[in-house]
Amino acid sequence: MDPTEKLHYGVVALKGFLGHIEKTGEELFDGFDTIIDRIEDEGMKKLVTLLKNQLMKKRDAIVEGMKTTMAKISEEVDEILQDFKELTVDDLPAELPPMRDIQRQIDPIPRC
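All of the points below concern the structure found in this document. In this text, all values refer to a predicted model and were calculated from it rather than measured experimentally. (Residues numbered from 1 in each chain as written. Predicted model: local features only at pLDDT ≥ 70, side-chain atom pairs only at ≥ 80, totals over all residues. Heavy atoms only, no water.)

1. Points about the overall build of the protein
- Counting its regular elements, the protein contains two helices and zero strands.
- Taking the principal axes of its C-alpha atoms as reference, the protein extends roughly 65 × 40 × 25 Å.
- Counting every position in the protein, which comprises 112 residues, the buried fraction comes to 19%.
- Charge-centre separation for the protein: the mean point of 16 positive side chains lies 7 Å from the mean point of 24 negative side chains. (Helix = DSSP H or I, 4+ residues; strand = E, 2+ residues; numbered from the N terminus. Buried < 20%, exposed > 50% of the residue type's maximum accessible area, 1.4 Å probe, protein only. Lys, Arg positive; Asp, Glu negative; His and termini not counted. Charge placed at Lys NZ, Arg CZ, Asp CG, Glu CD.)

Below you can see the structure in the form of structure tokens.
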């Protein structure tokens, strides 16, 4: 895989990560709703609801910041790919390549 393909796949992976964060956030907030429904004390219910709303705002701000950053990165990658157009393939896939049969990893050594 040449460097431009690696760059392209890096952007694809970041976009997938962003989608995962959005989905995970929704699942988390669904869990909050379940908890809130089970709380009997109204004061505690309001407190947990307030906490959920604050977390949602922070998550939304993080996601929006990541989307803005991803748009900038994507533009820069597109510029780089255009600069080296003669060295790249014409059509890069929109998804990551399939997993390989051999997975490499470095095993940690205890107490190092």
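2. So, the side chain of K52
- Topologically, K52 is positioned in helix α2 (residues 42-83).
- By relative accessible area, K52 is classed as buried at 13%.
- In this structure K52 touches F29, F32, D33 and I36, once residues within four positions along its chain are discounted. (Contact = heavy atoms within 4.5 Å.)

3. Observations regarding α2
- For α2, built from 42 residues, the straight-helix expectation of 62 Å at 1.5 Å per residue is met to within 8% by its first-to-last C-alpha distance of 61 Å.
- The backbone nitrogen of G43 lies 3.1 Å from a side-chain oxygen of the residue at the head of α2, namely D41. (Expected span 1.5 Å × (residues − 1). Polar contact = N/O pair within 3.5 Å; in protein donor to acceptor, adjacent residues only side chain to side chain.)

4. A word on the pattern of salt bridges
- With the rule as written, the count across this model stands at three salt bridges.
- A salt bridge links D33 to K52, with the nearest nitrogen and oxygen atoms 2.5 Å apart. Here K52 lies in helix α2 and D33 lies in helix α1 (residues 3-38), a separation of 19 residues in the sequence.
- Judged by relative accessible area, which is 31%, D33 ranks as partly exposed.
- For R59, the salt bridge goes to D60, with nearest N and O atoms at 2.7 Å.
- On the basis of relative accessibility, which here comes to 35%, the residue D60 falls in the partly exposed class. (Salt bridge = Lys/Arg side-chain N within 4 Å of Asp/Glu carboxyl O.)

5. Overview of a nonpolar patch on the surface
- On the surface, L7, I80 and F84 cluster together to form a nonpolar patch covering roughly 230 Å² of accessible area.
- Checked against the element boundaries, I80 lands in helix α2. (Patch = residues over 30% accessible without salt bridge, like charges linked within 9 Å, V, L, I, M, F, W, Y side chains within 5 Å. Areas by Shrake-Rupley, 256 points an atom, 1.4 Å probe, with all protein chains shown as cover.)

6. Looking at the nonpolar core
- One finds V11, L18, V63, M70, V77 and L81 forming the largest nonpolar core, which totals six residues.
- Going through the elements one at a time, α1 and α2 are the ones with two or more residues in this core.
- Ranked by residue count, the leading element in this core is α2, at four residues.
- Not counting chain neighbours up to four residues away, the residues in contact with M70 comprise V11, L14, K15 and L18.
- Listed in part, the five residues of the second largest apolar core include F29, F32, I36 and I39. (Core = buried A, V, L, I, M, F, W, Y, C linked by side-chain atoms within 4.5 Å.)

7. As for the environment of I36
- Within the element layout of this structure, I36 appears in helix α1.
- Placed 25 residues apart in sequence, I36 and V11 show a C-alpha to C-alpha distance of 38 Å.
- Beyond its immediate chain neighbours, meaning those up to four positions away, I36 contacts K45, V48, T49 and K52.

Scope: geometric values only; no functional claims are made or implied.
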